[in-house]
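# Chain and residue survey
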Amino acid sequence: MMNRQEKLAIAIQSLFNFADVMYRMFVSVYLYVYTNSLVKTTVYTLIRFTVLVLFIYISGLLNKKHKLSFTFFIGLLCQALSLVWVLTQGRLFEINMAYVYIAAIFMGVGEGLYWFSANTFSQLATTKSRRPRYLSFLGFFRNSAALLAPIVANRFMVYSSSELNAYKLILILLAIIYSIITLLSLFITARAKNTEINIKRSFDLKNEEWRDQLISQFCFAVRESLNWAIISILISNAAGDGETYSSFQTLFQILGLCCYAFLVKLLNKKRVSKTFFLGACLNSSSILVLAFAQNTYGVVIYGLLNALSEVFFNNSSSLITSNILENNIDDINGRMVVREISMYLGRLLASVVIIICFYILPEGLNIKVPIVIFSIFPFICYSVLIKHK
């Protein structure tokens, strides 16, 4: 049986995943509709992640004196404020890009505070011996919550008078969900050790397993940025309209949940080498398919491959990285901060490459080239982590 804090961690992350799927589905597209620029949407993402890494550090400092529930609360409040800003000022985004960047700053502050707290809480809520079972339950419930997100979004699309009105209703729902998670966070009792944050010490590049974790987080962040900046827009363009887009997302989540239900038993320490490598192959091939087949068939194949990848790649890597972090638990505040700095550098690289390709390459190639470049990163992630299984 799971303890109370493990159940609370699963409840919070499942609800947040529901909101995050909706956010990833529509905010990039929503901003793209208003700005009509992939570069501006990418700059929004870059600003957001720049602010995020700064507030990861601030969150680490705050958690020396406060419980995790404090930074959870402030982080979720800032994310809700970002959504309110997008809702109320969205019509001005095309006129003045400063309004877009203000939304990015709010979201970056909120995510920085939230993700430090969520990752630290997830680490402290369980132990190394209980972690495989905990991660299995977490993955199942997060996928279940993610399944509901596009279904609800689809209903908004069907019954709203326009796509933009549907997007606004979705953003209102997200603000409500963030409020519910904020209330749940008040029941968190876990608290990180009160240790001094020393960035130079916590990078600890002479520690091979920790250095490899930082490299893997860098690679993972590159793939994440690709999702934000390009993948959502490619799927939206292939779908043609918001209702079809949300139907695609529903299909992807159903595939993910089915894959998880049938294949999760394969995920254990003995099989992690095979499942991790298979996940890297699926992760890489899914984005390549979408890059070169930007149509309904390509989107469906991408969805199937990506759903399988979520099961094998994400869970295998999470098991290894969580155990590495467990070995360095005495400096968890500093380790969390430098891990996020590594992820920020990955996001920065991805954003810069996307913007450069957009300006110097002809239309068509300016999307395919960065996808091909970044398709090798799952294999880099696999190669550095697998020796620490």
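Since the structure is predicted, the reported quantities are computational estimates derived from the model, not experimental observations. (Residues numbered from 1 in each chain as written. Predicted model: local features only at pLDDT ≥ 70, side-chain atom pairs only at ≥ 80, totals over all residues. Heavy atoms only, no water.)

Another point: the overall build of the protein chain. Counting its secondary structure elements, the protein chain contains 14 helices and zero strands. From first element to last, N terminus to C terminus, the protein chain shows the α and β order α-α-α-α-α-α-α-α-α-α-α-α-α-α. Counting only residues that meet the buried cut, the protein chain has 58% of its 389 residues in that class. Relative to all contacts within the protein chain whose residues are 6 or more apart in sequence, the contacts with residues 24 or more apart total 86%. Summing over all exposed atoms, the protein chain offers an accessible surface of approximately 16100 Å²; the carbon and sulfur share of this is 66%. (Helix = DSSP H or I, 4+ residues; strand = E, 2+ residues; numbered from the N terminus. Buried < 20%, exposed > 50% of the residue type's maximum accessible area, 1.4 Å probe, protein only. Contact = heavy atoms within 4.5 Å. Areas by Shrake-Rupley, 256 points an atom, 1.4 Å probe, with all protein chains shown as cover.)

Interaxial distance between helix H12 (residues 332-360) and helix H13 (residues 365-374) falls to 8 Å at its minimum, and their mutual angle equals 150°. Classified by the interaxial angle, the pair formed by H12 and H13 is roughly antiparallel. Along this stretch, H12 crosses H13, giving a crossing that reads as right-handed. Together, Ala350, Val353, Ile354, Cys357 and Phe358 of H12 and Asn366, Val369, Pro370 and Phe374 of H13 make up the contact between the two elements. Partitioned by chemical class, the residues of the contact of H12 with H13 number eight nonpolar, one polar and no charged. (Axes fitted to C-alpha atoms, helices over the stretch in contact; angles between N-to-C directions. Parallel < 35°, antiparallel > 145°, perpendicular 65-115°, else oblique. Left-handed = near helix turned anticlockwise from the far one by under 90°. Nonpolar A, V, L, I, M, F, W, Y, C, P; charged D, E, K, R; others polar.)

In the structure shown here, the tally under the stated rule is four salt bridges. A salt bridge links Arg347 to Glu340; its shortest N-O distance comes to 3.9 Å. Like Arg347, the residue Glu340 is buried in the burial classification. Salt bridges sharing partners connect three or more residues here, namely Glu208, Asp212 and Lys387. (Salt bridge = Lys/Arg side-chain N within 4 Å of Asp/Glu carboxyl O.)

Another point: the nonpolar core. Grouped together as the largest cluster of nonpolar side chains are 45 residues, with contacts concentrated most on Ile235, Phe276 and Phe374. Sorting the residues of this core by element identifies helix H2 (38-62), helix H8 (208-239), helix H9 (242-263), helix H10 (272-292), helix H11 (296-326), H12, H13 and helix H14 (377-385) as the ones contributing at least two each. By residue number, the principal contributor to this core is H12, which donates nine residues. (Core = buried A, V, L, I, M, F, W, Y, C linked by side-chain atoms within 4.5 Å.)

Let us look at the packing of aromatic side chains. Describing an aromatic ring pair means giving the distance of the ring centres and the angle of the ring planes. In this structure the tally under the stated criterion is 13 aromatic pairs. Ring-pair connections join several aromatic residues into one group, and the members of that group are Phe16, Phe72, Tyr114, Trp115, Phe121 and Tyr178. Above the plane of the ring of Trp210 lies Arg335, whose end atom (NZ or CZ) is 4.8 Å from the centre. Across from the ring centre of Phe49, 4.2 Å away, lies the NZ or CZ of Arg347, which sits over that ring. (Phe/Tyr/Trp six-rings, centres within 6.5 Å; stacked < 30°, edge-to-face > 60°. Lys NZ or Arg CZ within 6 Å of the ring centre and 35° of its normal.)

Here the focus is the confidence of the model for the protein chain. Taken as a whole, the protein chain shows an average pLDDT of 78; of its residues, 82% reach a score of 70 or greater. The spread of mean pLDDT over the elements of the protein chain runs between H9, the lowest at 68, and H14, the highest at 88. (pLDDT = per-residue confidence, 0-100.)

Summarising the element assignment, Thr321 is placed in helix H11. Once residues within four sequence positions are removed from consideration, Thr321 is found in contact with Gln213, Ser216, Gln217 and Leu385.

For Ser59, the position within the fold is in helix H2. Counting along the chain gives 274 residues from Ser59 to Asn333, while the straight-line C-alpha distance between them is 8.9 Å. Among all residues touching Ser59, those that are not within four sequence positions of it are Thr71, Gly112, Leu113, Phe116 and Ser117.

Nonpolar side chains collect at one region of the surface, where Phe73, Leu77, Leu81, Leu183, Leu186 and Phe187 lie side by side and expose about 570 Å² of accessible area between them. Within the secondary structure layout, Leu183 lies in helix H6 (residues 163-185). Residue Leu183 is classed as exposed on the basis of its relative accessible area, which comes to 54%. (Patch = residues over 30% accessible without salt bridge, like charges linked within 9 Å, V, L, I, M, F, W, Y side chains within 5 Å.)

Following the sequence through the fold, Asn17 ends up in helix H1 (residues 4-35). When neighbours within four sequence positions are excluded, Asn17 is seen to be in contact with Arg142, Asn143 and Ala146.

What follows is about the side chain of Ser82. With respect to the helices, strands and loops of the structure, Ser82 is situated in helix H3 (residues 68-89). The class of Ser82 is buried, set by a relative accessible area of 1%. Setting aside chain neighbours within four positions, we find Ser82 in contact with Ala103, Phe106 and Met107.

Our focus in this paragraph is the packing of helix H4 (residues 98-125) against H12. Interaxial distance between H4 and H12 falls to 11 Å at its minimum, and their mutual angle equals 130°. By the angle between their directions, the pair H4 and H12 is classed as oblique. When the axes of H4 and H12 are compared, the crossing they make is right-handed. Within the contact between the two elements, H4 uses Phe116, Asn119, Thr120, Gln123 and Leu124 and H12 uses Ile332, Asn333, Met336, Val337, Arg339 and Glu340. In the contact of H4 with H12, the residues fall into five nonpolar, four polar and two charged.

Let us look at the environment of Gly334. The topology assignment puts Gly334 in helix H12. Given a relative accessible area of 0%, Gly334 falls into the buried group. Considered as a pair, Gly334 and Leu61 are 273 residues apart in the sequence and their alpha carbons are 9.3 Å apart.

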